[in-house]
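As a plain string of letters, each chain reads:
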Amino acid sequence: MRLLAYLWALPTTLVGAVVALVCVAFGARVQWVQGACEVHGGRLGRFVARAPAPFSFSAITLGHVILGVSAAELRRVRRHEHVHVRQAEVWGPFFLPAYVLASLWQWLRGRRMYLDNPFERQAYRAESRPDRKDASL
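Visitor: Just to check I follow, could you spell out the overall build of the chain for this structure?
Guide: Assigned secondary structure in the chain consists of 6 helices and 4 strands. What you see in the chain, going N to C, is helices and strands ordered as α-α-β-β-α-β-β-α-α-α. For the chain, the C-alpha radius of gyration of 15 Å lies close to 14 Å, the compact-globule estimate for 137 residues. Structurally, the chain occupies a C-alpha span of about 40 × 40 × 30 Å along its principal axes. Looking at the 137 residues of the chain, the share that counts as buried comes to 42%. In the chain, of all internal contacts separated by at least 6 residues, the share reaching a separation of at least 24 is 52%. Carbon and sulfur atoms make up 67% of the accessible area of the chain, which totals about 8100 Å². Averaged over its 18 positive side-chain charges, the chain has a centre that lies 3 Å from the centre of its 9 negative ones.

What follows is the structure, given as structure tokens:
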């Protein structure tokens, strides 16, 4: 079943892998944690960390690839980002379009595109439940 989850999420993971290769070319480091490739640091990590909102972020997940500004930030947001890994496994190639459409829907309703996005709300719920791995995926 794990192999099927990896294959189903592969289109999104490939997008992440391309971005990860660019990051590595600019000095990022790679580590494998809980079945996901975590890429952090380097010049692009420092650039993103200093970018103005809404262009800055601590980490972003694309399939089984998690891109973070630093190893410390990845440790801090790991539970949250791994919920997105599981979401990519459930939604497969539809994850990125569904995420974008969910954000757009929130914006059209006059709500916050990021914080009111159901994918993000699920990930934040997981952070508040340390005894539960993925908070009702």
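Visitor: Help me out: how do you make sense of the nonpolar core in this one?
Guide: Across soluble globular proteins, nonpolar side chains have a tendency to be buried as a group. Ala20, Cys23, Ala28, Cys37, Val39, Leu62, Val65 and Leu67 form the largest nonpolar core, which has 8 residues in total. Listing elements by their share of this core, those giving two or more residues are helix H2 (10-25), strand E2 (36-40) and strand E4 (65-68). Ignoring any residue separated from it by four or fewer positions in sequence, one finds Cys37 in contact with Val30, Gln31, Trp32, His64, Val65 and Ile66. Counting residues in hydrophobic clusters, the runner-up holds 7 residues, among them Ala9, Phe95, Tyr99 and Phe119.

Visitor: Honestly, helix H6 (residues 118-127) in this entry has me stumped. Any pointers?
Guide: For H6, the complete set of buried residues consists of Phe119, Glu120, Gln122, Ala123 and Ala126. Angular distribution of buried residues about the axis of H6 spans 160°; they occupy a single face of the element. Along its buried surface, H6 packs onto helix H4 (71-91) and helix H5 (95-108).

Visitor: Just to check I follow, could you spell out the pairing of strand E1 (residues 29-33) for this structure?
Guide: Side-chain direction in a regular strand flips from residue to residue, so the side chains alternate between the two faces of the sheet. Across 5 bridges, the pairing between E1 and E2 is antiparallel. Counted as the bridge partner of Gln31 is Glu38 from E2. Between E1 and E2, which pair antiparallel one after the other, the connecting turn spans 2 residues, and Gln34 there sits at a positive phi close to 50°.

Calculation criteria
- Residues numbered from 1 in each chain as written.
- Predicted model: local features only at pLDDT ≥ 70, side-chain atom pairs only at ≥ 80, totals over all residues.
- Heavy atoms only, no water.
- Helix = DSSP H or I, 4+ residues; strand = E, 2+ residues; numbered from the N terminus.
- Rg over C-alpha atoms; globule rule 2.2 N^0.38 Å.
- Buried < 20%, exposed > 50% of the residue type's maximum accessible area, 1.4 Å probe, protein only.
- Contact = heavy atoms within 4.5 Å.
- Areas by Shrake-Rupley, 256 points an atom, 1.4 Å probe, with all protein chains shown as cover.
- Lys, Arg positive; Asp, Glu negative; His and termini not counted.
- Charge placed at Lys NZ, Arg CZ, Asp CG, Glu CD.
- Core = buried A, V, L, I, M, F, W, Y, C linked by side-chain atoms within 4.5 Å.
- Arc of directions from axis to C-beta.
- Pairing = 2+ DSSP bridges.

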